[in-house]
Amino acid sequence: MKIIVCIKQVPDTTEIKLDPVKGTMIREGVPSIMNPDDKSGLEIALQLKDKYNAHVTVITMGPAQADDILREAFAMGVDRAIHLSDRKFAGADTLATSNALAGALRMLQYDLIITGRQAIDGDTAQVGPQIAELLDLPQVTYVEDLEFDNDKTFTIKKFLEEGYQMLQVESPCLITVLSSANKARYMSVRGILEAYDHEVELWGFDNIKVDEEKLGLKGSPTRVFKSFTKGAKVMGTLYDDVSSIEAADIIVNKLKEKFIV
Amino acid sequence: MIREFAEKEVKPLAAQIDEEERFPYETVEKMSKIGIMGIPFPVEYGGAGGTNSIYSMAVEELSRVCATTGVIVSAHTSLCLAPIYEFGTEEQRMKYLPKLCSGQWIGAFGLTEPNAGTDAATQQTIAVEDGDNYILNGSKIFITNASAANIFIVMAMTDKSQGTRGISAFIVERDFPGFSVGKEEKKLGIRGSATCELIMENCIVPKENMLGRLGEGFKIAMKTLDGGRIGIAAQALGIAQGAMDETVKYVKERKQFGKPIAKFQNTQFQLADLQTRIEASRLLVRLAAYKKDCKQPYSVEAAQAKLFAAETAMDMTVKAVQFHGGYGYTREYPVERMMRDAKITEIYEGTSEVQRMVISANLLK
């Protein structure tokens, strides 16, 4: 079984402070970490490695410093690491990122692709599903658990707001994993010591067959106009003990008050 | 990595194992999984292939949140695995190190007796040759990890007339006939670590379990303790830093006379002096570990590191309690535990007085 896990280096948002005047994130001195959802996805892959001797590859797109999380992945037990880095990838939004990652994935063999549900810096939850669409793969999002049935299928537990869905999916497929799925293993001492003996494969534009127009800033239809901190909202008004007819009246009156209807 | 592990896995148990005087088997299992139980030994013996520097940093980080966990690793690594690795035959290494490095077995070391501490020549445990075996009789006290350990390095007199040159070292397995572990000591600090008596009554130890040559036991014990002191110095350093971390947090929050006590110059100057001593301890520990890694003599550096770090830990923790005032005296806050834990670092593996003897003997030789 061949598994590829897409991981991202993100600022540890639990440690982030906001500039009170500008409202922007103070990035200085904020440690970078492996995105928590991705780390749980990696743990699922490593458990399949423990059980079925699966071959696990991690891939990340990012600047030179993203090498750190690939070394961390080696120290946790992965077999291969690929670092996508090229000036032509810079300034990518989620679509251009997905184009680049899908381009790299097309060059590789896989039975299962794992991504985190979303990254804690962008919170879009778009890259996993976009990769699946680009590669024309079945996808299951919000995954909490996965069992390997046989050569062909996985049984997957998908988290829903009001329960779970159990799905059987044919491989190859893509799943996006929640950080609540598991507690990822620690790096081992020996793993850390040996992490720098492994080779991280550096891949650039020439290694993937993707139209340049679909990459980086050029391939990014998203434009960010402004970043700001949301102001605190005033507490809403609570109407207790009203009948449905009274409630409807209250709502209509409020909408009229605000000239919405 | 070790810091994250210590914060998430070790710290939450620290107060509980102290309160219950319970050996944290579950923590040892977790540490084993990530390779903390055999850091400075080669991969071929099941170790992590690390250095003494890395090992001392690991002990420091564990002790920063729980001194009990720090000493479990230190006694196991420095006092049991290290002598087997340094003085053992290839057969002994292959037989014992993989299981010890993997944490499947826990190690301990027995030198101290009721009437013989650092003055090892007064050992009363004796070993008499008997065919293919040695028969050991006697007892050892204050043995760290004893109730949990599977493998013990035990010193015994093979020839009383030779003084320290009549001492030999043995690798004793817990289930050897005639070997037993006695009562657990009730201690002031490091209360989760299992400190017990070892009793040998006609204990049969195969000849191939002699560590080093006949009569080399004293040398092995002293060299082992040199290495052990790096571990204990790292433990003391961790306790001191842990107490400083708690104190910094507290003085920023605690308000008196209308401002946080961190705003008072008395607080600022005392903390500055203490943190400087902590950093100096850290450099001494690193130097001793580095010299050991480079295979250079390091006894004096290890003695200096242990002396300075232990006294820093004691002063730091006493002051940490003082900064915390009445709260610091309660078990609601961890500093009282740290103060109790710190004291032992001035005592075991050679008291501070013994460290001064080692340092001055080198100066005045």
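Residues numbered from 1 in each chain as written. Chains lettered and ligands numbered in written order. Predicted model: local features only at pLDDT ≥ 70, side-chain atom pairs only at ≥ 80, totals over all residues.

1. Side note on the overall build of chain B
So, point 1. On a plain count of helices and strands, chain B comes out with 10 helices and 10 strands.
So, point 2. Its C-alpha radius of gyration of 21 Å places chain B within 12% of the 21 Å reference for a compact globule of 365 residues.
So, point 3. Seen through its C-alpha atoms, chain B measures out along the principal axes to roughly 80 × 45 × 35 Å.
So, point 4. Taken over 365 residues, chain B has a buried fraction of 54%.
So, point 5. Long-range contacts, defined here as pairs at least 24 residues apart, represent 74% of the contacts in chain B between residues at least 6 apart. (Helix = DSSP H or I, 4+ residues; strand = E, 2+ residues; numbered from the N terminus. Rg over C-alpha atoms; globule rule 2.2 N^0.38 Å. Buried ≥ 20, exposed ≤ 12 C-beta atoms within 10 Å, placed from the backbone. Contact = placed C-beta atoms within 7 Å.)

2. Section: the overall build of chain A
So, point 1. On a plain count of helices and strands, chain A comes out with six helices and 13 strands.
So, point 2. Taken along its principal axes, the extent of the C-alpha atoms in chain A is 70 × 45 × 40 Å.
So, point 3. Within the span of chain A, comprising 261 residues, buried residues form 38% of the whole.

3. A look at the confidence of the model for chain B
So, point 1. Chain-level statistics for chain B give a pLDDT mean of 96 and a share of 100% at 70 or above.
So, point 2. Prediction confidence for the complex, expressed as pTM and ipTM, is 0.87 and 0.85 respectively. (pLDDT = per-residue confidence, 0-100.)

4. Things to note about helix H5 (residues 90-101) of chain B
All names here are of chain B.
So, point 1. The end-to-end C-alpha distance of H5 is 16 Å, a good match for the 16 Å that 12 residues give at a rise of 1.5 Å each.
So, point 2. Arg93, Tyr96, Leu97, Leu100 and Cys101 are the residues of H5 that are buried. Buried positions in H5, seen along its axis, are confined to an arc of 120 degrees and lie on one side of it.
So, point 3. Among the structural elements, helix H4 (67-87), strand S1 (107-110), strand S4 (151-157) and strand S5 (167-173) are those in contact with the buried residues of H5.
So, point 4. Following H5 by one or two positions, Gly103 adopts a phi angle in the positive range, close to 80 degrees. (Expected span 1.5 Å × (residues − 1). Arc of directions from axis to C-beta.)

5. Overview of the environment of Glu349(B)
All names here are of chain B.
So, point 1. Within the element layout of this structure, Glu349 appears in the loop between helix H9 (335-344) and helix H10 (352-363).
So, point 2. Sequence-wise, Glu349 and Tyr333 are 16 residues apart; in three dimensions their C-alpha atoms are separated by 28 Å.
So, point 3. Glu349 has contacts with Leu225, Gly228, Arg229 and Ile232, leaving out every residue within four places of it along the chain.

6. As for the pairing of strand S2 (residues 126-130) of chain B
Residues and elements named next belong to chain B.
So, point 1. With five bridges joining them, S2 and strand S3 (residues 133-144) adopt antiparallel strand pairing. In the sheet register, Val128 faces S3, and the bridge partner there is Ile135.
So, point 2. In this antiparallel pair of consecutive strands, S2 and S3, the connection spans two residues, and Gly131 shows a positive phi of 60 degrees. (Pairing = 2+ DSSP bridges.)

7. Concerning unusual backbone geometry
So, point 1. Here Ser171(A) and Pro172(A) are connected by a cis peptide whose omega angle stands at 0 degrees.
So, point 2. Looking at the secondary structure, you find Pro172(A) in the loop between strand S11 (163-170) and strand S12 (173-177).
So, point 3. Within the chain, Asn145(B) stands out as a residue other than glycine whose phi angle is a positive 75 degrees.
So, point 4. By secondary structure assignment, the location of Asn145(B) is in the loop between S3 and S4.
So, point 5. A tally of 27 C-beta atoms within 10 Å means that Asn145(B) is categorised as buried.

8. Some words on helix H1 (residues 36-52) of chain A
All names here are of chain A.
So, point 1. If you check H1, its first and last C-alpha atoms are 24 Å apart, about what 17 residues at 1.5 Å a residue would give, namely 24 Å.
So, point 2. Across the 17 residues of H1, 12 count as buried, placing the element largely inside the fold.
So, point 3. Of all the residues in H1, the buried ones are Pro36, Asp37, Asp38, Lys39, Ser40, Gly41, Leu42, Glu43, Ile44, Ala45, Leu46 and Leu48.
So, point 4. Looking at the residues trailing H1, positive phi occurs at Asn53, about 60 degrees.

9. Points about the nonpolar core
So, point 1. Of all hydrophobic cores here, the largest spans 181 residues; its most connected members are Ala100(A), Phe170(B), Ala233(B) and Ala309(B).
So, point 2. The element that contributes the greatest number of residues to this core is helix H6 (residues 217-253) of chain B, accounting for 16 residues.
So, point 3. Beyond its immediate sequence surroundings of up to four residues, Ala233(B) is in contact with Val285(B), Ala288(B), Ala302(B), Ala305(B), Lys306(B) and Ala309(B). (Core = buried A, V, L, I, M, F, W, Y, C linked by C-beta atoms within 7 Å.)

10. Observations regarding the interface of chain B and chain A
So, point 1. Taken together, the 10 residues of chain B in the interface contact seven residues of chain A.
So, point 2. Residues of the side of chain B that touches chain A, tallied by class, amount to seven nonpolar, three polar and no charged. (Nonpolar A, V, L, I, M, F, W, Y, C, P; charged D, E, K, R; others polar.)

11. Re the packing of H6(B) against helix H8 (residues 299-328) of chain B
Residues and elements named next belong to chain B.
So, point 1. In contact at an axis separation of 8 Å, H6 and H8 are set at 25 degrees when each is read in the N-to-C sense. In terms of their interaxial angle, H6 and H8 are classed as roughly parallel. For the crossing formed where H6 meets H8, the hand is left-handed.
So, point 2. Classifying every residue of the contact of H6 with H8 by side-chain character gives 20 nonpolar, five polar and four charged. (Axes fitted to C-alpha atoms, helices over the stretch in contact; angles between N-to-C directions. Parallel < 35°, antiparallel > 145°, perpendicular 65-115°, else oblique. Left-handed = near helix turned anticlockwise from the far one by under 90°.)

12. Here's the deal with the sheet that holds strand S1 (residues 2-6) of chain A
Residues and elements named next belong to chain A.
So, point 1. Overall, mixed pairing links the nine strands, which are arranged S11-S10-S9-S12-S8-S1-S6-S7-S13 in an open sheet. Each of the sheet's edge strands pairs with one partner strand only, and the pair in question is S11 and strand S13 (200-203). When strand polarity is set aside, the average angle formed by the axes of neighbouring strands in this sheet is 35 degrees.
So, point 2. Pairing of strand S6 (residues 55-61) with strand S7 (residues 80-84) involves five bridges; the strand directions are parallel. Its bridge partner lying in S7, Val58 is registered against Ala81.
So, point 3. Most of the contacts of H1 go to strand S8 (residues 112-116), to which it runs at about 150 degrees, and overall it touches S1, S6, S8, strand S9 (139-148) and S12.

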